[in-house]
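Each chain is listed here by its residues.
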Amino acid sequence: MPVVLRLLLENALRNMRGPERDAAVGALFQWLETGTSESEIAFQPGRVLMHDTTSTPALVDIAAMRDALAEADVDPARLNPVLPVDVSVDHSLAVEAYARPDAAQQNIGHEIRRNRERYRFLRWASQALQRVRISPPGTGIMHTINLEQLATVVRVEPSDGQAWAVPDMMIGTDSHTPMINGIGVLGWGVGGLEAQTVMFGMPTMLRIPDVVGVELTGILPPGVLATDLALTVTQRLRGIGVSGEFVEFFGPGVSTLTAGERAVVANMAPEYGATTGYFPVDEHTLTYLRQTGRGRDAIELVRAYMQRTGLWFDPEARPRYTRTIHIDLDDVGMHVAGPRRPQDLLSYGDIACSLRKAAFQPAQPHAELPRYPVAIAAITSCTNTSDPGLLMAAALVARHARARGLTVPHWVKTSLGPGSPAAASYLRRAGLIEDLSAVGFDIVGYGCTTCIGNSGPLPDVIAREARAGNIHPVAMLSGNRNFPGRIHPDLELGFLMSPPLVVAYALAGNAELDLATDPVALASDGTPVYLHELWPTRQEIRTCLDLGLQAGDFQRDFLMALRNPLWDELDAPSSPLFPWDPASTILRRPPFASVDAGSLLGHYIAHPLLVVGDDITTDHISPASAIPADSLVADFLVARGDDRDDLNVFASRRGNWEVMMRAAFHSKTLINLLRPGMPVAHTVHASSGDVAPIWAVAQRYRDAGESVVLVAGERYGTGSSRDWAAKGQRLLGIRAVLALSFERIHRSNLIGMGILPLRLPPDMGPSALQLQPGDRIEIGAPAPTLQPRGDVPVCIHRKDGRVQRSTGRAAVETKLETELLECGGVIPAILRKTLAAEQGKRLAQA
Ligand code: SF4
């Protein structure tokens, strides 16, 4: 049995009871016959991980639920998570200051000033709610904190008066949660709404997953890094159409990878379409635990538990998988991915070729800037900054470049945003901080920065010349996503690559250079310097790791960062109910946190509010990046007293439903196929033909008592696990999303908000349907008839009277999900459960 299924089996044995448990165990063993299963099992993780932008809306919902309970005459303090919830404040750090030694200090100051009100709210939550812990700004990126501080791999819990060792299993409200799979902790990303379900004691239900085994053999060639392997795995697994399966790595090649390298590969599970990218525990895992300062007893417990329960990695084992692929590590080369999708793998020498395909012609070539200047060069993301080996490699390129007198051209915005404050300690001890600084890679802070799109303003010359059409700027980053607009709203092209290659491209300044053959730059003596001259050897990296790494750094630096005086100075209320400020443009009590939210199921005829194509990301649906100063959202905020020049990012407004409703589909690159060419976030009102903001059109339909749905192509909701992508659609009144396929987490979030995800047959995609304003869609999905994966009649009524009948399939996987849809979503379900418990208690007392 794959190790991931052994872990699910353990979870079912421990948490389920009676016939349900027997059925789950039977189904898991049945899986071994066929490698697949239609059966559902309950999964009860031991903890929940969140970040500031997913936790803020979840905690706002809890604050609003407490209000609703108080209004129903129930003690609001009764509503608390039942599991530990760890929140990292990492997603709001922006790169304002860079290439200066005090950049980190400056940026954290900006961050706390800009987010003061939201952070006060988070502090309220940590004081008013039991079991909620907050890691303040500066403590690092959530997944790195999870690797270095939170994960125990095996934890001890009391049960029936005894101490039991059990596997550490968790969920997180972020799609890169599977990074923790790199050290043998089973965990994956869920939507904020699913996390709320789990937090309040309901299990998450899942179909026993198909498991893809990735057999690794061989050893990575010299110069090839974990990033290259992660990008290769992404391309190979996307190539076989992985979509939501669990992935597990096996074979002798696994033993050649360090736990840090495995974590890089595990992190990119959402990019390769998987729920997990699991590496079982072995000696390398224990070495990692030792290197990051875990105690000897805790490490020995991991060894003993894993070996005795048969969960310890065996490189010779060949478990039964649903399907397998083989990757020979010897064949992995130096890669990048881009310029628009992480699965588009290229050899690093092919960047220039891929750019030439875009055939960009400058309006007026700039005297100094190349056609495709490197505008952003960012060593960023939990993916590629958590493994000290990758940071050492980047710093060694900087050292070699410094020695040859190379500098970074003035138009390149450089940044280094590690996931852990310990990075500064080990880089400094290895003597590499000055080398990085010499080529502009000063530490800009410990948070998501460029990876989440908080790249800050572009250098003036880049912004100006791009606006004039004279250049096509490019981002080079060690992140994991490069969808157009993700890195920066004005950047359409981005390449993902290893941190040392980011440094090399920063020095080159020109994305069109082929670094496989062209010199990176000229040395101070005028001689050309080639990439192979800068690239570190494996031995150099090893020497720096030996010199720099000290186990004591990880805990000490984290504890020091926890004592952030700017955070401690925020004066936060401690009352059980949050005191909403009616004038706030940051935090508003959301209307959907109500017992009576109502189900959206039914038999109805709806207008398509929007029709969109393939690969619509949650960034398209609910942007996280900077709020454009010339947008309608900006007008709305300025009318309420905000400063047009300091509106912050959309992600910082997720506590304000009025803003987020207006922000829905606010994306320059989103095309509304109902009438292409409309202004950003606009649509057509069917009966009047008016083109207006989407939220205003939605309001007109609602006022007229008319239903709306959304139609999309393949992979709707790909990208970040953003519950606001679903909440925004609920606020627009969308009752169902009809798509050719859905990304896993967004599908679950839609259900969490009571919206029916409906799979269209392949011949009914948006391009086949060619829907026009005035066409309407009839959907037959009343609550009593809705079944997991059941048929749903869909009928297109054309404006000219033609009718086209078909059948969709409910993208609903479990009975629990149908129940949530009947309730109107997760929040009404939690409220009803709490009220029922209270009524039961009162009845018993009476
Ligand atoms: S993937 Fe990027 S945005 Fe997500 S947690 Fe990691 S650094 Fe932050």
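See above for the structure.
What counts and what doesn't
- Residues numbered from 1 in each chain as written.
- Predicted model: local features only at pLDDT ≥ 70, side-chain atom pairs only at ≥ 80, totals over all residues.
- Heavy atoms only, no water.
- Helix = DSSP H or I, 4+ residues; strand = E, 2+ residues; numbered from the N terminus.
- Rg over C-alpha atoms; globule rule 2.2 N^0.38 Å.
- Buried < 20%, exposed > 50% of the residue type's maximum accessible area, 1.4 Å probe, protein only.
- Contact = heavy atoms within 4.5 Å.
- Areas by Shrake-Rupley, 256 points an atom, 1.4 Å probe, with all protein chains shown as cover.
- Lys, Arg positive; Asp, Glu negative; His and termini not counted.
- Charge placed at Lys NZ, Arg CZ, Asp CG, Glu CD.
- Near = heavy atom within 4 Å.
- Nonpolar A, V, L, I, M, F, W, Y, C, P; charged D, E, K, R; others polar.
- Axes fitted to C-alpha atoms, helices over the stretch in contact; angles between N-to-C directions.
- Left-handed = near helix turned anticlockwise from the far one by under 90°.
- Polar contact = N/O pair within 3.5 Å; in protein donor to acceptor, adjacent residues only side chain to side chain.
- Pairing = 2+ DSSP bridges.
- Core = buried A, V, L, I, M, F, W, Y, C linked by side-chain atoms within 4.5 Å.

(A) The overall build of the protein chain, seen in detail. Across its full length, the protein chain holds 31 helices and 30 strands. In terms of overall dimensions, the protein chain is globule-like: its C-alpha atoms have a radius of gyration of 26 Å, near the 28 Å expected for 846 residues. The principal-axis extent of the C-alpha atoms belonging to the protein chain is close to 80 × 70 × 55 Å. Here the protein chain, with 846 residues, has 64% of them falling under the buried criterion. Put simply, of all contacts in the protein chain between residues at least 6 apart along the chain, 78% involve residues at least 24 apart. For the protein chain, the accessible area works out to roughly 29,300 Å², and carbon and sulfur atoms hold 51% of it. Averaging the locations of the 79 positively and 91 negatively charged side chains of the protein chain gives two centres separated by 3 Å.

(B) Structural view of the site of the ligand. In the vicinity of the ligand, the contacting residues are His91, Ile141, His143, Asp174, His176, Ser381, Cys382, Cys448, Cys451, Ile452 and Asn480. Here the residues of the shell around the ligand are counted per class, giving 5 nonpolar, 5 polar and 1 charged.

(C) Looking closely at the environment of Asp723. Inspection of the secondary structure puts Asp723 in helix α27 (residues 723–731). In sequence terms Asp723 and Gly440 are 283 residues apart; their C-alpha atoms lie 36 Å from each other. Each residue touching Asp723, except ones within four places of it in the same chain, is listed here: Pro57, Gly192, Leu193 and Asn749.

(D) Up close: the packing of helix α8 (residues 226–239) against helix α9 (residues 259–267). One can describe the packing of α8 onto α9 by two numbers: an axis separation of 8 Å at closest approach and a directional angle of 35°. When the axes of α8 and α9 are compared, the crossing they make is right-handed. Contact with α8, carried on its side by Ala226, Thr227, Leu229, Ala230 and Val233, involves Glu261, Val264 and Val265 of α9 and no other residues of that element. Of the residues assigned to the contact of α8 with α9, the class counts are 6 nonpolar, 1 polar and 1 charged.

(E) Up close: the side chain of Thr173. Structurally, Thr173 is set in the loop between β7 (169–172) and β8 (186–189). Of the polar contacts made by the side chain of Thr173, one reaches the side chain of Thr54; its length is 2.8 Å.

(F) Focus on the sheet that holds strand β25 (residues 707–712). One closed barrel accounts for 7 strands, arranged β22-β25-β26-β27-β30-β29-β28; its pairing is mixed. Here the average twist between neighbouring strands, direction ignored, is 35°. Bridge count for strand β22 (residues 602–611) against strand β28 (residues 776–781) is 5 bridges, and the pairing is antiparallel. Each residue of the ladder has a partner; that of Ile605, found in β28, is Glu778. Sitting on the sheet, helix α26 (residues 694–703) is in contact with β22 and β25, with an inclination near 155° to β22.

(G) Geometry of unusual backbone geometry. The peptide bond linking Gly338 to Pro339 adopts the cis configuration, its omega dihedral lying at 5°. Relative to the helices and strands, Pro339 is located in the loop between β14 (335–337) and β15 (345–347). Unusually for a residue other than glycine, Asp73 sits at a positive phi of about 65°. Examined against the element boundaries, Asp73 turns out to sit in the loop between α3 (52–71) and β3 (85–88). Positive phi values are uncommon outside glycine, yet Val153 reaches one of about 70°. Inspection of the secondary structure assignment puts Val153 in the loop between α6 (142–150) and β5 (154–159).

(H) The arrangement of the nonpolar core in detail. Leu609, Phe665, Tyr716, Leu756 and Ile779 are the most contacted members of the largest nonpolar core, which totals 169 residues. Among the nonpolar cores identified, the runner-up in size contains 110 residues, and Val214, Ile462, Ala508 and Ala521 belong to it.

(I) Spotlight on α9. Counting buried residues in α9 gives 8 out of 9 residues, a clear majority hidden from the surface. The complete set of buried residues in α9 reads Ala259, Gly260, Arg262, Ala263, Val264, Val265, Ala266 and Asn267.

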